[in-house]
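Each chain, letter by letter, is given below.
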Amino acid sequence: MDIDRLRKQIEEDRSEMTRIASVRPSPIASFDQYEAIRQRLVSRERELSSHLRQETAFPLENWRFRWTQTDRDVRLYSSPIHTCLAFSAQSERGHAQAILCVFNGCTATRFTRFDGDALDAYPLSQSGLSGLGAYSIAHSQWIKEVGCDAKIQGRVHYLFCFENCVVECAAKKIQCVHELDTVSQAWALVSEMEVR
């Protein structure tokens, strides 16, 4: 594998995405082209990360929610039975709603609040963390620090970046995602799950 060639291709993809994002004559065609380049870029970044065994953040595949600009409604709940994350977001159609993520086999969580912009303050901001959203972390140092061997125990480092906080979970998978009208409804569902 030619690492220098791969790095050059990644930089070319990033430049092309920036160029497309700055030109808006045909939003649909531009979006399709942008998305194709983004997917190619993520694939190349995964290849580079795997080869270098470098800690890198990758957007969660098939994630269809965008965060609102506030994180006042971000809530993390963890018990021996369930680990849940509730927050305000928008669906693909732009509808405001509350999202409840239920994690399966969660062995560690971390909720970090920042005074300023979370993205700038977070260590992975130079390694794939590119905006508000949901990520999985390849070659996670945090998973090793909390005593989980990702390969042996089958844990994934999930990271959710909000405006002023970052929420992380070491879990086997995201078991389910509920779409509700409010974070209060999401929290009520968490209470029901604990009673069952």
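Residues numbered from 1 in each chain as written. Predicted model: local features only at pLDDT ≥ 70, side-chain atom pairs only at ≥ 80, totals over all residues. Heavy atoms only, no water.

A. Summary view of the overall build of the chain. Broken down by element type, the chain carries six helices and 10 strands. Residue burial in the chain is summarised as follows: out of 196 residues, 41% are buried. Summarising the internal contacts of the chain: among those between residues at least 6 apart in sequence, 66% fall at separations of at least 24. For the chain, the accessible area works out to roughly 11,100 Å², and carbon and sulfur atoms hold 47% of it. (Helix = DSSP H or I, 4+ residues; strand = E, 2+ residues; numbered from the N terminus. Buried < 20%, exposed > 50% of the residue type's maximum accessible area, 1.4 Å probe, protein only. Contact = heavy atoms within 4.5 Å. Areas by Shrake-Rupley, 256 points an atom, 1.4 Å probe, with all protein chains shown as cover.)

B. Geometry of the pairing of strand S3 (residues 75-78). Judged from the four bridges that link them, S3 and strand S4 (residues 83-90) form a sheet pairing that is antiparallel. Residue pairing across strands places Tyr77 opposite Cys84, the latter belonging to S4. If you look at the hairpin formed by S3 and S4, you'll find four residues sitting between the two strands. (Pairing = 2+ DSSP bridges.)

C. How the structure looks around unusual backbone geometry. Backbone geometry at His139 places phi at a positive 55 degrees, although glycine is not the residue there. As for its position among the elements, His139 is in the loop between strand S7 (133-138) and helix H4 (141-145). Taking the relative accessible area as the measure of exposure, His139 reaches 21% and is therefore partly exposed.

D. Quick peek at the nonpolar core. Trp67, Leu85, Phe87, Phe103, Phe160 and Phe162 are the most contacted members of the largest nonpolar core, which totals 18 residues. Of all the secondary structure elements, the ones that give two or more residues to this core are S4, strand S5 (96-104), strand S8 (156-161) and strand S9 (165-171). The element best represented in this core is S9, accounting for four residues. Apart from the residues lying within four places of it in its own chain, the contact partners of Trp67 are Phe87, Ser88, Ala89, Leu132, Gly133, Ala134, Phe160, Cys161 and Phe162. Grouped together as the second largest cluster of nonpolar side chains are 11 residues, Cys84, Ala86, Ala98 and Met193 included. (Core = buried A, V, L, I, M, F, W, Y, C linked by side-chain atoms within 4.5 Å.)

E. Highlighting the packing of aromatic side chains. All chains considered together, the criterion is met by five aromatic pairs. Taking the centre distance of 6.0 Å and the plane angle of 85 degrees together, the rings of Phe103 and Phe160 count as edge-to-face. In this pair, Phe103 is assigned in strand S5 and Phe160 in strand S8, connecting sequence segments 57 residues apart. Ring pairs connect the aromatic residues Phe87, Phe103, Tyr158, Phe160 and Phe162, which therefore count as one cluster. Seen from the ring of Trp187, Arg75 lies directly overhead, with NZ or CZ sitting 5.6 Å from the centre. (Phe/Tyr/Trp six-rings, centres within 6.5 Å; stacked < 30°, edge-to-face > 60°. Lys NZ or Arg CZ within 6 Å of the ring centre and 35° of its normal.)

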